[in-house]
Amino acid sequence: MEKSDIFERLRNEETIPANDPEGYKMREAAYQTKAWLIQMNNAEDPAEIRDLLSRITASTIDESVAVFTPLYINYGKHTKIGKNVFINFNCTFLDMGGITIEDNVLIGPNVSLLTEGHPVSPENRHSLIPAPIHIKKNAWIGAGATILQGVTIGVNTIIAAGAVVNKDVPDNVVAGGIPARVIKNIPGMKVNNK
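Residues numbered from 1 in each chain as written. Predicted model: local features only at pLDDT ≥ 70, side-chain atom pairs only at ≥ 80, totals over all residues. Heavy atoms only, no water.

Draft legend 1. Highlighting the overall build of the chain. A tally of helices and strands in the chain yields three helices and 18 strands. Against the compact-globule benchmark of 16 Å for 194 residues, the chain has a radius of gyration of 17 Å, which places it among compact chains. Expressed along its principal axes, the backbone C-alpha trace of the chain runs to roughly 55 × 45 × 30 Å. Within the chain, the proportion of its 194 residues that are buried is 45%. The long-range share in the chain, meaning contacts at least 24 apart out of those at least 6 apart in sequence, stands at 24%. Surface accessibility of the chain: about 10,100 Å² in total, with carbon and sulfur atoms responsible for 53%. Across the chain, the mean location of the 19 positive side-chain charges is 7 Å away from that of the 21 negative side-chain charges. (Helix = DSSP H or I, 4+ residues; strand = E, 2+ residues; numbered from the N terminus. Rg over C-alpha atoms; globule rule 2.2 N^0.38 Å. Buried < 20%, exposed > 50% of the residue type's maximum accessible area, 1.4 Å probe, protein only. Contact = heavy atoms within 4.5 Å. Areas by Shrake-Rupley, 256 points an atom, 1.4 Å probe, with all protein chains shown as cover. Lys, Arg positive; Asp, Glu negative; His and termini not counted. Charge placed at Lys NZ, Arg CZ, Asp CG, Glu CD.)

Draft legend 2. Quick peek at the pattern of salt bridges. Applying the stated criterion across every chain yields a total of five salt bridges. The shortest N-O distance in the salt bridge between Lys25 and Asp5 comes to 3.8 Å. Here Lys25 is found in helix α2 (residues 23-41), whereas its partner Asp5 is found in the segment before α1 (6-11), with 20 residues between them in sequence. We classify Asp5 as partly exposed; its relative accessible area is 26%. (Salt bridge = Lys/Arg side-chain N within 4 Å of Asp/Glu carboxyl O.)

Draft legend 3. Structural view of the pairing of strand β5 (residues 91-94). Of the two faces of β5, only the one carrying Cys91 and Phe93 is buried; Thr92 and Leu94 on the other face are not. Of the strand pairs in this sheet, strand β2 (residues 71-73) and β5 are connected by three bridges, and their pairing is parallel. The residue of β5 that forms the bridge with Tyr72 is Thr92. Taken together, the three bridges between β5 and strand β8 (residues 112-114) define a ladder with parallel strand orientation. Opposite Phe93, over in β8, you have Leu113 as the bridge partner. (Pairing = 2+ DSSP bridges.)

Draft legend 4. Up close: the layout of surface pockets. Size it by volume and the largest pocket reaches roughly 250 Å³. Every residue lining the largest pocket is counted, 14 residues in all, and those nearest its centre are Gly23, Met26, Arg27, Met96 and Leu128. Considering each element in turn, the lining of the largest pocket owes the most residues, five residues, to α2. (1 Å grid on protein atoms, 1.4 Å probe; cavity = no way out; pocket = protein on both sides within 12 Å on 5 of 7 lines; lining within 4 Å. Points joined across faces, edges and corners; volume = space filled by probe spheres on them.)

Draft legend 5. Spatial organisation of the side chain of Glu22. Here Glu22 lies in the loop between α1 and α2. A polar atom in the side chain of Glu22 sits 2.7 Å from the backbone nitrogen of Ile6. If sequence neighbours within four positions are ignored, Glu22 has contacts with Ser4, Asp5, Ile6 and Arg9. (Polar contact = N/O pair within 3.5 Å; in protein donor to acceptor, adjacent residues only side chain to side chain.)

Draft legend 6. Fine view of the nonpolar core. Within the largest apolar cluster, 39 residues are counted, with the highest numbers of intra-cluster contacts made by Phe93, Ile101, Ile107, Leu113, Ile153 and Ile159. Broken down by secondary-structure element, the contributors of at least two residues to this core are α2, α3 (46-57), β2, β5, β6 (99-101), β11 (133-135) and β17 (173-176). With four residues, α3 is the largest single contributor of residues to this core. Here Ile107 is in contact with Phe86, Ile87, Asn88, Cys91, Phe93, Ile101, Leu113 and Ile141, once residues within four sequence places are set aside. Counting nine residues, the second-largest nonpolar core is a separate cluster that includes Ile6, Leu10, Met26 and Met96. (Core = buried A, V, L, I, M, F, W, Y, C linked by side-chain atoms within 4.5 Å.)

As structure tokens, then:
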């Protein structure tokens, strides 16, 4: 039985061993993305920035999306961005595991969305473990926050500046700290822990 494509395996959250015969495809794709990023990060016109980001993500970026460059992405084709999203300066998206950013999300400067990790054991450490990040509608990710692999951020939720989020955060709360924890509910909103 033939193995599926390495990018399908990444989206299916399969660990990619260090010696995977298709590993070179990840590097080649990252170099292509880097070429587009150089153009995008030097562009001044918002429409040109969105056009280049559409190429990087292989999807249509809506004209309501605003991106303040520089933005750094290692692959791009596993990132999906909704409408009316704002991405501030100097963000990093490692998206081999998949990033979904729903409508009306605000992402502060210096935010890192990291869908990739490595095994703890030294003998396997160069393997890649992907898991998706999902940021739901109307969330606000504060400056310098880091969202780690496999995390879902709930609807309307605020992640405080500098937080490191290593587990799911429910709807309608403020979370912060290292590791992040729920600090308080957003007044007037119902918390959904699903």
